[in-house]
Amino acid sequence: MGLTELIAGGMEASEAASLLMNVMWTMIAAILVYFMQAGFAMCEAGFTRAKNAGNILMKNMMDFVLGSLFFFIFGFAIMHGTDLGGIIGMKGFFNPAALADAGGMFNGLPMGVFIIFQTVFCATAATIVSGSMAERTKFLAYLAYSAAISVFIYPVSGHWIWGGGWLSEMGFHDFAGSTAVHMVGGICALVGAKILGPRIGKYDKNGKVKAIPGHSLPLAALGVFILWFCWFGFNCGSTTAATTSLGDIAMTTNLAAASATLLAMTVTWVRYKKPDLSMTFNGALAGLVAITAGCDTVSNWSAILIGAIAGVVVVFSVEFFDKVAKIDDPVGAISVHGVCGALGTILTGVFSPDVSIVTQLIGVGSVIVFVGVMAGIVFTIINKTIGLRVTKEEEDEGLDVHEHGSTAYADFNFRL
């Protein structure tokens, strides 16, 4: 309905105008968050080899497709349905509109607006895993995982945090999803990459790391620029209202990203004697992930500190998983989303006066345990049935040809 219809229906003119502004802003934000799929696709494709670029693009498309369908049918009801014991929602399966009030509203918005906004967040959690398991995962196995996270893993932990569950009752603060979205995706990525094993040639016979460079840093950079741009929709949009706080949230988001980028670059310059491009790009994403939990409550200077800490931590975290844990993560998603998602959520308790650090620690810990166990079960079942990993021949020659019958760069000759 437009302004005239709302007023004719008995709504005050100012209230109707406010509602329409909220709808408009939330829809713009949802569209920006959807476009993050393009950012992830470019970033992951650039950081991996050319022979697998098409496979990366397909996975980033299909996790959104499956996430949209399965979250609508099952996930939304589990996340936002009638609460059962603070653990899970139990109403709205197959028909989320059943949760709307008599006026078709839910949480102050028309039902369709709220569902699409929540859907794009679910898809973001799902797509994080793509990069960590890149270049050696069966496409069918990835589709099965995407369905699982959209049906149950993300919605259950999301219910705890955003759906009226036990963590929200405790006062756990995760404004836009450092834990609910990014850490959930990062933990799934960690479990999946561990079970899957490293790419062929990643480690020599003595366990020493052998770098496998991505094929296009320009593509990766484009992906990071897109993600930074869209993150304003991700964080500012989580108000789901056109409020005066939008500028403040945009400022904390931007300052954290900037300080993280600077610190990541500086650390690599000192450690590697050159400012590393890929690590600097990941520093930007680390800062964005870390500030997402507290972007609405921390000051500008606190945002700079949170970003700076994330920018340093992400460098050492990538090195740890690569060299110590021996978990092959081609794009650094475990460190960017998992580690910095947890870090940012905890730091929200440090820098926000009304947020308890104890509650933040409980929330982060409980979500890690739940997601880790569920992801382990899901990936183990997939591995024992469909199989997670492609054959050695398929991995050597590239997933584009073997999984999709085409290449991302037709008629180009490139090094395998």
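Rules used throughout
- Residues numbered from 1 in each chain as written.
- Predicted model: local features only at pLDDT ≥ 70, side-chain atom pairs only at ≥ 80, totals over all residues.
- Heavy atoms only, no water.
- Helix = DSSP H or I, 4+ residues; strand = E, 2+ residues; numbered from the N terminus.
- Rg over C-alpha atoms; globule rule 2.2 N^0.38 Å.
- Buried < 20%, exposed > 50% of the residue type's maximum accessible area, 1.4 Å probe, protein only.
- Contact = heavy atoms within 4.5 Å.
- Areas by Shrake-Rupley, 256 points an atom, 1.4 Å probe, with all protein chains shown as cover.
- Lys, Arg positive; Asp, Glu negative; His and termini not counted.
- Charge placed at Lys NZ, Arg CZ, Asp CG, Glu CD.
- Core = buried A, V, L, I, M, F, W, Y, C linked by side-chain atoms within 4.5 Å.
- 1 Å grid on protein atoms, 1.4 Å probe; cavity = no way out; pocket = protein on both sides within 12 Å on 5 of 7 lines; lining within 4 Å.
- Points joined across faces, edges and corners; volume = space filled by probe spheres on them.
- Nonpolar A, V, L, I, M, F, W, Y, C, P; charged D, E, K, R; others polar.
- Polar contact = N/O pair within 3.5 Å; in protein donor to acceptor, adjacent residues only side chain to side chain.

This part takes up the overall build of the chain. The secondary structure content of the chain amounts to 15 helices and four strands. Its C-alpha radius of gyration of 21 Å places the chain within 12% of the 22 Å reference for a compact globule of 416 residues. Per-residue burial for the chain yields a buried fraction of 57% across its 416 residues. A sequence separation of at least 24 residues applies to 75% of the contacts in the chain between residues at least 6 apart. Counting every atom, the chain has about 16,500 Å² of accessible surface; 69% of that belongs to carbon and sulfur. Positive and negative side-chain charges of the chain, numbering 21 and 27 respectively, have mean locations separated by a distance of 18 Å.

Next up on the list: the nonpolar core. Core analysis: the biggest nonpolar cluster contains 113 residues, and Ile149 and Tyr154 have the highest contact counts within it. Sort the elements by how many residues they give to this core and helix α4 (residues 111-132) lands first, with 13 residues. Discounting residues that sit within four places of it in the chain, Tyr154 has contacts with Phe71, Met79, Gln118, Phe121, Cys122, Ala125, Ile149, Trp162, Ala180, Val181 and Val184.

This part is about empty space enclosed by the protein. Across all of its chains, the model carries one cavity of 30 Å³ or more by this definition. Of the volumes computed, that of the largest cavity is approximately 90 Å³. Surrounding the largest cavity, Phe40, Cys43, Glu44, Ile128, Asn282, Leu285, Val331, Ala333, Val336 and His337 form its lining. Sorting the residues of the lining of the largest cavity by element identifies α2 (13-47), α10 (277-291) and α12 (333-351) as the ones contributing at least two each. Each residue belonging to the lining of the largest cavity can be placed in one class, and the counts come to seven nonpolar, two polar and one charged.

As a further point, take the side chain of Ser157. Position of Ser157 relative to the elements: it lies in helix α5 (residues 139-162). Residue classification places Ser157 among the buried positions, given a relative accessible area of 0%. There is a polar contact of 3.2 Å between the side chain of Ser157 and the backbone oxygen of Ile153. Look past the residues within four positions of Ser157 in its chain and what remains in contact with it is Val184, Val367, Phe370 and Val371.

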